[in-house]
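# Examining the three-dimensional arrangement
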Amino acid sequence: MVFDSTPSAHESAPLPIALVTGASRGIGRAIAFDLGRTHHVIVQGRDPRVLEELVAELPSASVWAAALDGDEPLDGFLAAGPTGSLESLDVLVHSAGVIGGSTVELTPRDEWRRILEVNVVAVAEITRLALPALRAAQGTVIVINSGAGFRSQAAGSLYAASKFAVRAFADGLREEERSNGVRVSSVHPGAVDTDMQREMQQSKGNSYDAESYLAVSDIADAVRLVVDLPQRAVAETVSVRPLGRG
């Protein structure tokens, strides 16, 4: 589902365009707000109402309402540009993601498929569809990964497998697209104060101290660093961790 954009006052000089998946809340929302200072932002999420409220707060934005975990086509963003046709895309941020699974013994096949569909398959498909527009702009692809993209823990093999896989995807895409001028970065946050983090810690029976975690704005700042590098440079892997946590 696509809604009309709400253009900013920059009518004389078209803004660069960014697509942010998972923009409804948490890290994705913070990234959308930060990029919204300089870009027209296409925000993706499931709930059109939530996305419309977000767009109303941004200087220039449009909505792509879509679920990423099914068999529906994932090309709706191509009609969600400020002019209705997305021929050039400066930034693609993959922030949408889900967490799940338990021990290998207790995690059924359907749960593996659910997590991998959103965290890996949708990332690959959206990128594939966006490549012509990214090449036209010599754009930047940013995959929001995780510390789990480097190491796995007990009862975390499914989530880590998805993050290892999407890191491999980003590494391969980077080498494929160098000659086209497309930059590809993986940003690996440590523990971030989000609703997902609270739910995860509560499920483990752990106490929660928001001050010991990164803020979502910290990850938005890391994305801004990647985006604002000169075209000759690419931050291939960015790891951001809370200073007070080992």
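Below you will find a few notes about this structure.

Parameters at a glance
Residues numbered from 1 in each chain as written. Predicted model: local features only at pLDDT ≥ 70, side-chain atom pairs only at ≥ 80, totals over all residues. Heavy atoms only, no water. Pairing = 2+ DSSP bridges. Helix = DSSP H or I, 4+ residues; strand = E, 2+ residues; numbered from the N terminus. Axes fitted to C-alpha atoms, helices over the stretch in contact; angles between N-to-C directions. Contact = heavy atoms within 4.5 Å. Buried < 20%, exposed > 50% of the residue type's maximum accessible area, 1.4 Å probe, protein only. Right-handed = clockwise from strand over helix to strand, strands pointing away. Parallel < 35°, antiparallel > 145°, perpendicular 65-115°, else oblique. Left-handed = near helix turned anticlockwise from the far one by under 90°. Nonpolar A, V, L, I, M, F, W, Y, C, P; charged D, E, K, R; others polar. Phe/Tyr/Trp six-rings, centres within 6.5 Å; stacked < 30°, edge-to-face > 60°. Lys NZ or Arg CZ within 6 Å of the ring centre and 35° of its normal. Salt bridge = Lys/Arg side-chain N within 4 Å of Asp/Glu carboxyl O.

Let's shift gears to the sheet that holds strand β5 (residues 140–144). Pairing in this open sheet of 7 strands is parallel, and the strands run β3-β2-β1-β4-β5-β6-β7 from one edge to the other. Strand pairing shows two members of the sheet lacking a second neighbour, β3 (61–65) and β7 (237–240), which therefore form its edges. In this sheet, adjacent strand axes meet at a mean angle of 15° when their direction is disregarded. Bridge count between strand β2 (residues 40–45) and β3: 5 bridges; the pairing is parallel. From the neighbouring strand, Gln44 faces β3, where its bridge partner is Trp64. Against the sheet, helix α2 (residues 48–56) contacts β2 and β3, and its axis sits at roughly 170° relative to β3. Set on the sheet, helix α3 (residues 109–137) makes contact with β1 (17–20), β3, β4 (91–94) and β5; between it and β4 the angle comes to about 175°.

Here we take up the pairing of β5. With 5 of its 5 residues buried, β5 lies for the most part within the structure. A two-sided burial pattern is seen for β5, the buried positions comprising Thr140, Ile142 and Ile144 on one face and Val141 and Val143 on the other. Sheet topology places β4 next to β5; 4 bridges connect them, and they run parallel. For Leu92, the partnering residue across the bridge sits in β5 and is Val141. Both β5 and strand β6 (residues 183–189) contribute to a ladder of 5 bridges, which runs parallel. When the bridges of β6 are listed, Ile144 appears paired with Val187. Note that the unit made of β5, helix α4 (residues 157–177) and β6 has a crossover that is right-handed.

Take the packing of helix α1 (residues 26–35) against helix α6 (residues 216–228) next. Relative to each other, α1 and α6 sit at 50°, their axes nearing to 8 Å. Classed by the angle they form, the pair α1 and α6 counts as oblique. Crossing of α1 over α6 shows right-handed handedness. Here Gly26, Ile27, Ala30, Ile31, Asp34 and Leu35 of α1 come into contact with α6, specifically with Val216, Ser217, Ile219, Ala220, Val223, Arg224 and Val227. Looking at side-chain class alone, the contact of α1 with α6 contains 9 nonpolar, 2 polar and 2 charged residues.

What follows is about the packing of aromatic side chains. With the rule as written, the count across this model stands at 2 aromatic pairs. Each ring, one from Tyr208 and one from Tyr213, has its centre 4.8 Å from the other, and the planes form 15°; the classification is stacked. For Tyr208, a relative accessible area of 23% puts it in the partly exposed group. One residue, Arg167, lies across the ring of Phe164, its end atom 5.2 Å from the ring centre.

Right, let's talk about the pattern of salt bridges for a bit. All chains considered together, the criterion is met by 14 salt bridges. The residue Arg224 makes a salt bridge to Asp34 at a minimum N-O spacing of 2.9 Å. Note that Arg224 is positioned in helix α6 and Asp34 in helix α1, a separation of 190 residues in sequence. The exposure classification of Arg224 matches that of Asp34, with both residues buried. Between Glu236 and Arg178 there is a salt bridge; the shortest N-O distance is 2.7 Å. Separated by 58 residues along the polypeptide, Glu236 in the loop between α6 and β7 and Arg178 in the loop between α4 and β6 bring together distant segments of the chain. Because the salt bridges share partners, they merge into one network encompassing Asp34, Arg37, Arg224 and Asp228.

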